[in-house]
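Residue-level structural notes
Listed below, chain by chain, are the residues.
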Amino acid sequence: MTAATPVADAYRAIEERGWFDRSALEVAPDLLGRYLVHLTPAGRIVGRIVEVEAYLGPEDLAAHSARGETARNAVMFGPPGHLYVYLVYGMHHCANVVCGPSEKPEAVLLRAAEIIEGEEIARGTRGDVPATRLAAGPGNLAAAFGVDRALNGADLTHGPVLIAERGPITDAERPSMIQTARIGVEYAGAWTSRPLRFLFADDPHRSRR
DNA sequence: GTCGGGATCCTCT
DNA sequence: GAGGATCCCGACA
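Everything quoted here is computed from the prediction, not taken from an experiment.

Thresholds, definitions, all that
- Residues numbered from 1 in each chain as written.
- Chains lettered and ligands numbered in written order.
- Predicted model: local features only at pLDDT ≥ 70, side-chain atom pairs only at ≥ 80, totals over all residues.
- Heavy atoms only, no water.
- Buried < 20%, exposed > 50% of the residue type's maximum accessible area, 1.4 Å probe, protein only.
- Helix = DSSP H or I, 4+ residues; strand = E, 2+ residues; numbered from the N terminus.
- Salt bridge = Lys/Arg side-chain N within 4 Å of Asp/Glu carboxyl O.
- Near = heavy atom within 4 Å.
- Polar contact = N/O pair within 3.5 Å; in protein donor to acceptor, adjacent residues only side chain to side chain.
- Nonpolar A, V, L, I, M, F, W, Y, C, P; charged D, E, K, R; others polar.
- Core = buried A, V, L, I, M, F, W, Y, C linked by side-chain atoms within 4.5 Å.
- Contact = heavy atoms within 4.5 Å.

Structural remark: α-helix, 3.6 residues per turn; residues separated by three or four positions point the same way. Taken together, the buried positions of helix H2 (residues 24-31) are Ala24, Val27, Ala28, Pro29 and Leu31. Of the residues flanking the end of H2, it is glycine 33, one or two places downstream, whose phi is positive at about 85°.

Turning to the pattern of salt bridges, a few remarks are in order. Enumeration over the complete set of coordinates arrives at 15 salt bridges. Between arginine 12 and glutamate 165 there is a salt bridge; the shortest N-O distance is 3.4 Å. Taken as a pair, arginine 12 in strand S2 (residues 11-14) and glutamate 165 in strand S8 (residues 161-166) lie far apart in primary sequence, 153 residues in all. On the basis of relative accessible area, arginine 12 is assigned to the partly exposed category, the value being 30%. Judged by relative accessible area, glutamate 165 falls into the buried class, the value being 16%. Across the pair arginine 34 and glutamate 165 runs a salt bridge, and its minimum N-O distance is 3.2 Å. Placement of arginine 34 in the loop between H2 and strand S3 (35-40) and of glutamate 165 in strand S8 is noted, with a sequence separation of 131 residues between them. An identical accessibility class is assigned to arginine 34 and glutamate 165; each is buried. Each of Arg12, Arg22, Asp30, Arg34 and Glu165 takes part in a single network of salt bridges with overlapping partners.

As a structural note, the neighbourhood of DNA strand B is formed by 22 residues, with Tyr86, Asn96, Gly137, Gly139 and Tyr187 the closest of them. Counting only atoms of DNA strand B within 4 Å of the protein, the fraction found in sugar and phosphate groups is 57%. At a separation of 2.5 Å, a base nitrogen of DNA strand B approaches a polar side-chain atom of asparagine 96. Measuring from a phosphate oxygen of DNA strand B, one finds a backbone N or O atom of proline 138 at 3.1 Å. Where the surface near DNA strand B is concerned, the elements lending two or more residues are strand S5 (83-88), strand S6 (92-99), strand S7 (106-117) and helix H4 (138-144). The biggest single contributor to the surface near DNA strand B is H4, with three residues. Here the surface near DNA strand B is built from residues that sort into 11 nonpolar, eight polar and three charged.

Below, the discussion takes up the nonpolar core. If you look at the biggest cluster of nonpolar residues, it comprises 56 residues, and the most contacted ones within it are Leu31, Val52, Leu83 and Leu110. Among the elements that take part in this core, S7 stands out by supplying seven residues, more than any other. Excluding residues within four positions of it along the chain, valine 52 makes contact with Ala28, Leu31, Leu32, Val108, Leu109, Leu110, Arg111, Leu196, Arg197 and Phe198.

Rendered as structure tokens:
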């Protein structure tokens, strides 16, 4: 049920908004192994997503939507399939995939990816760091992909930022996926320990913490 | 207008 | 493992 058309020669972008119109609990694990694509003027940056976190509706005390809609988090309350970008700690941007279900402000934070194309472009903003750390951690990922607040609200079904899968599909072995508690949300009460972080356990490109 | 906190990262010890 | 960098945003007066 995934509408996918070629981004270029090798990647098929998800262009069906319904794919995003599901709970973050479903979208988060489904994002693992897929590709984040940013078509920049300098060229194409592609990364394989290896770590994400699900942020559920207003009841999730760790989610920005927990305190109601504001100018900052308005994108989270909008239609699914859009990019929600915000600044944390005054210096790092974080990229989120807004999902559903309809009318519910849920999102998936992109925490780490393996850069598989456009590494030189990514290094333009990240400098001389090991490939395994280029996009390890949400702040690093946003920097490597050149994502900042200018892209807040961007439509993921039309680019320039897209979610894609590689084509033709191969049956490459899937690394083992695990779930853990989320990072940096110690203030969220019972929500702190809920296993809403999804990652490939043995992937060297995951975040360090 | 002012104040305080935050979905992080890096360096130094 | 600890602490500093750095600034937007929301709450409150």
